[in-house]
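Structural description and commentary
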Amino acid sequence: MDLNGKHIVLGLTGGVACYKAAYLCRLLVKEGAKVQVVMTEAAAQFITPVTMQALSNRTVYVSQWDAREPNNMAHINLSREADAILVAPASADFMAKLLHGRADDLLSLMCLARPLERVPLLLAPAMNREMWAHPATQRNMAQLRADGAHVLGVGEGDQACGETGDGRMLEPEELLEDLIAHFQPQVLSGRRVLISAGPTYEAIDPVRGITNLSSGKMGFAVARAARDAGADVTLVAGPIHLDGPRGVRRINVRSALEMDAACRAHADQADVFIATAAVADWRPASAQTQKIKKQGDGQVPSLAFVENPDILAAIAASERARSGALYCVGFAAESQDLEAQATAKRLRKGVPLLVGNIGPATFGQDDNALLLIDAQGTLEMPRNSKQALARMLVAEIAKRLPVSGAA
Ligand code: C5P
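Let us look at the structure shown here. (Residues numbered from 1 in each chain as written. Predicted model: local features only at pLDDT ≥ 70, side-chain atom pairs only at ≥ 80, totals over all residues. Heavy atoms only, no water.)

**As for the packing of aromatic side chains**
Defined as follows: Each aromatic pair joins two rings of Phe, Tyr and Trp (for Trp, the six-membered one) with centres within 6.5 Å, and gets the label stacked for planes under 30 degrees apart, edge-to-face for over 60, and tilted for any other angle. Each ring is checked for a lysine NZ or an arginine CZ that lies within 6 Å of its centre and within 35 degrees of its normal; such an atom marks a charge sitting over the ring.
Here the structure, examined in full by the defined rule, presents zero aromatic pairs. A cation over a ring is seen here: Lys6 above Phe183, with NZ or CZ 4.9 Å from the ring centre. Between Arg68 and the ring centre of Tyr61, over which it is positioned, the NZ or CZ distance is 4.6 Å.

**Quick word on the site of the ligand**
Basically, it comes down to this: Note on terminology: near, applied to a residue and a molecule or strand, indicates that one of the residue's heavy atoms is within 4 Å of it. Polar contacts here mean pairs of N or O atoms no more than 3.5 Å apart (in protein, one a potential hydrogen donor and the other a potential acceptor; neighbouring residues in sequence count only if both atoms are side-chain atoms). What sets the accessible areas is the Shrake-Rupley method with a 1.4 Å probe; for residues, cover comes only from the shown protein chains. Any residue with an atom within 4 Å of a point lines the site, the site being either a cavity, points on a 1 Å grid over the protein atoms alone where a 1.4 Å probe fits but cannot get out, or a pocket, an open set with protein on both sides within 12 Å along at least 5 of 7 lines. In this description, a molecule resides in a pocket or cavity if more than half of its atoms sit within 2 Å of the grid points defining it.
All residues adjacent to the ligand are Ala275, Ala277, Val279, Pro309, Asp310, Ile311, Leu312, Gly330, Phe331, Lys345 and Lys349. Within the backbone of Ile311, one N or O atom sits 3.0 Å away from a nitrogen atom of the ligand. Between an oxygen atom of the ligand and a main-chain N or O atom of Phe331, the distance comes to 2.8 Å. Out of a free accessible area of 440 Å², the ligand has 87% covered by protein chains. A majority-of-atoms criterion places the ligand in the largest pocket.

**Considerations on the nonpolar core**
What counts, and what does not: Nonpolar cores were defined as sets of buried Ala, Val, Leu, Ile, Met, Phe, Trp, Tyr and Cys residues, with membership established by side-chain atoms within 4.5 Å. Accessible area is worked out with a 1.4 Å probe on protein chains only. A residue is then buried under 20% of its type maximum, exposed over 50%, and partly exposed in between. The numbering of helices and of strands both runs from the N terminus, where a helix is a DSSP run of H or I of at least 4 residues and a strand a run of E of at least 2. Contact criterion: two residues are considered in contact whenever any of their non-hydrogen atoms come within 4.5 Å of each other.
Grouped together as the largest cluster of nonpolar side chains are 35 residues, with contacts concentrated most on Leu188, Ile274 and Ile397. With seven residues, helix α10 (residues 217-228) is the single largest residue contributor to this core. Setting aside residues up to four positions removed in sequence, Ile397 forms contacts with Val272, Ile274, Tyr327, Val329 and Leu353. Of all hydrophobic cores here, the second largest spans 33 residues; its members include Cys18, Met52, Val60 and Leu152.

**Thoughts on the layout of surface pockets**
Threshold: Grid points are joined across faces, edges and corners, and a volume is the space filled by probe spheres set on the points. Residue classes follow a fixed rule: Ala, Val, Leu, Ile, Met, Phe, Trp, Tyr, Cys and Pro count as nonpolar, while Asp, Glu, Lys and Arg count as charged, and any other residue, Gly among them, counts as polar.
Empty space within the largest pocket amounts to approximately 900 Å³. Here the lining of the largest pocket gets four residues from one element, more than from any other, and that element is strand β16 (residues 327-334). Of the volumes computed, that of the second largest pocket is approximately 770 Å³. Along the walls of the second largest pocket sit 23 residues, with Asp2, Glu177, Ala221, Arg224 and Gln387 positioned nearest its centre. Sorting the residues of the lining of the second largest pocket by element identifies α9 (172-182), α10, β19 (377-385) and α16 (386-400) as the ones contributing at least two each. In terms of residue count, the dominant contributor to the lining of the second largest pocket is α9 (five residues). A per-class count over the lining of the second largest pocket returns eight nonpolar, four polar and eleven charged.

**Some remarks on the pattern of salt bridges**
Quick note on the threshold: For this document, the term salt bridge refers to a Lys or Arg side-chain nitrogen within 4 Å of an Asp or Glu carboxyl oxygen.
Applying the stated rule across the entire model yields 28 salt bridges. Here Lys97 ties to Asp104 by a salt bridge, and the two come within 2.6 Å at their closest N and O atoms. A salt bridge links Glu171 to Arg168; the shortest N-O distance between them is 2.8 Å. Here the salt bridges share partners, and the residues they tie into one network are Asp2, Glu177, Arg224, Arg227, Asp228 and Arg391.

Right, here's the structure in full:
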């Protein structure tokens, strides 16, 4: 649970997107957070405090004159306890108010009263597309950012008013992801990280090909962890059905040759290359341009294969990698003798760090177990979610990077 022990003030201001805040509240609680809901009177026109109380399992605050706090200072008490204040939805009016430091309701009062350096303020804007695009809103957001608030993005699409465009509040899952990211140590700040992920697909003819069972989940988890750690991330993804991760430059490829070209093109600008992809070892020597037809006489076609380039080994042998400017990390999916196989693979690939895992126990799963191997020895990471392992792996990689270039 990524928010275990965190105390989050969830602020709601007036907007139809309040309906999404109810689900967001549930997600925050499920992730281990203690959630204190504070609503403006306008928010209470869209969703009731009763609903939010039931979901957060705590009394909801709406009024600054609420006498339940013994010292009658809810704005001080609640903002001092918080690890973060997340206002979702944040209306255009509420942001305009914050900008001026006005504090005539409990939520804006709390935002103003919060200890600036200790309690981050995250704002999830939600409004009609014209309101969003208005110079006043854009100007206000720029100033709020300059004042230390974290203004999150918005979604694009159908709006409650019937129009279509930018200004929708991000989805609850996306807001949860942004909040969790906010608590991660920025160990890769200023670093550029290149990641390969997923399987490759090697065409036999226009309708058939060979591939493998890699789901890309581990690579995506690593990409998200690197992004959350402050890195600029490029993800070269084989054919997989996963969205995002948001905020990551994603390059979709299909074959090993395409993955090779994309990785080489970006390796020159990277500080770290993490090869999580399950690249096909071989491809058909020549892909047929027409579908191979069954002859009906019992004859089967014979397929000849050629070896694919070893993307990781080639990049690890490059001048930049050998000089230490590019730190390369390989993955090994084995079915047995993990330590011996992975140790040998690290040397064969010429990489400083190799991450071993048991193939059948990881492909398609949401959890995994890792064995990190470098010149100093091994480090076991017991079974955990791929996301948790990815965060630990990123921390280990960060420790091994040369200090120069760090932010
Ligand atoms: O040799 P093997 O496929 O087990 O090596 C696994 C590691 O090498 C992974 O990091 C994988 O992404 C990388 N690799 C590669 N290009 C290949 C084969 C593997 O980059 N053709």
